[in-house]
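Now for the letters of each chain:
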Amino acid sequence: VDEPDVGWTRRGVPMHYVAGATAGGGIRDLTWRYSPSLSAVQRMRKTWDKWWKGLMQVLNGPTTPGDAVDEEARYQKWMSEPMPTTSQGFRSHPKYVVESVLGKTQALHPAAEPVPGAFAGEYVYLRSDVSQLRTEQYWEKSGRRV
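The structure presented is a predicted model; accordingly, all values stated were derived computationally and were not measured.

S.K.: Which parts of the structure should I look at to understand the packing of aromatic side chains?
M.R.: The geometry of an aromatic ring pair is captured by two quantities: the separation of the ring centres and the angle between the planes. Tallied over the full model, the rule gives five aromatic pairs. With a centroid separation of 6.2 Å and an interplanar angle of 80 degrees, the aromatic rings of Y17 and W51 are classed as edge-to-face. Taken as a pair, Y17 in the loop between β2 (13-14) and β3 (19-21) and W51 in helix α3 (residues 49-59) lie far apart in primary sequence, 34 residues in all. The class for Y17 is partly exposed, based on a relative accessible area of 25%. On the numbers, 4.8 Å between centres and 50 degrees between planes, the contact of F90 with F119 is tilted. Taken together, the residues F90 in helix α5 (residues 87-92) and F119 in strand β7 (residues 115-119) connect sequence positions 29 residues apart. Here F90 matches F119 in class, with each residue buried. Cluster of aromatic residues (ring-pair linked, three or more members): Y17, W51 and W52. The ring of Y138 carries the charged tip of R134 above its face, separated from the ring centre by 4.8 Å.

If you want it as structure tokens, here you go:
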């Protein structure tokens, strides 16, 4: 308990999920607290992330005074995640991206601002500034007009 470096891997495989019970009977996701790298956890969870978030919403229980402290600590840990040092690292990183690793159906939002720092002479952007491009046929199938 509260020893982040102890037991993160089991037989060399990092844990994808760590949960804990609250005094009020709820369940909280504590993976961020014990993981040495939050971006690695997000890459591992890619397929099950929607399921896990839904499960945590159902099992969350009442809000406790410690929730705000936990949220702030999780945010600080996320913000202190290091930027990737390779092109492949940017390709799969959940937080940062460079324009050269975007796929042909992806584009940066026109209002996207680069974050402080650069990689190989390129600006670094947040992954949240990347938009998926869709064809006219896709929008027509969705009942929209182009």
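The discussion continues.
S.K.: Explanation requested: the sheet that holds β7 in the structure shown.
M.R.: In any sheet, the strands associate via hydrogen bonds between backbone groups, in a parallel or an antiparallel arrangement. Strand order in the open sheet formed by three strands is β5-β8-β7, and the pairing between neighbours is antiparallel. Lying at the two open borders of the sheet, with one neighbouring strand each, are β5 (96-98) and β7. On average, each strand axis in the sheet is inclined to that of its neighbour by 40 degrees, with strand direction left out of account.

Each value, and the rule that gives it
Residues numbered from 1 in each chain as written. Predicted model: local features only at pLDDT ≥ 70, side-chain atom pairs only at ≥ 80, totals over all residues. Heavy atoms only, no water. Phe/Tyr/Trp six-rings, centres within 6.5 Å; stacked < 30°, edge-to-face > 60°. Helix = DSSP H or I, 4+ residues; strand = E, 2+ residues; numbered from the N terminus. Buried < 20%, exposed > 50% of the residue type's maximum accessible area, 1.4 Å probe, protein only. Lys NZ or Arg CZ within 6 Å of the ring centre and 35° of its normal. Pairing = 2+ DSSP bridges. Axes fitted to C-alpha atoms, helices over the stretch in contact; angles between N-to-C directions.

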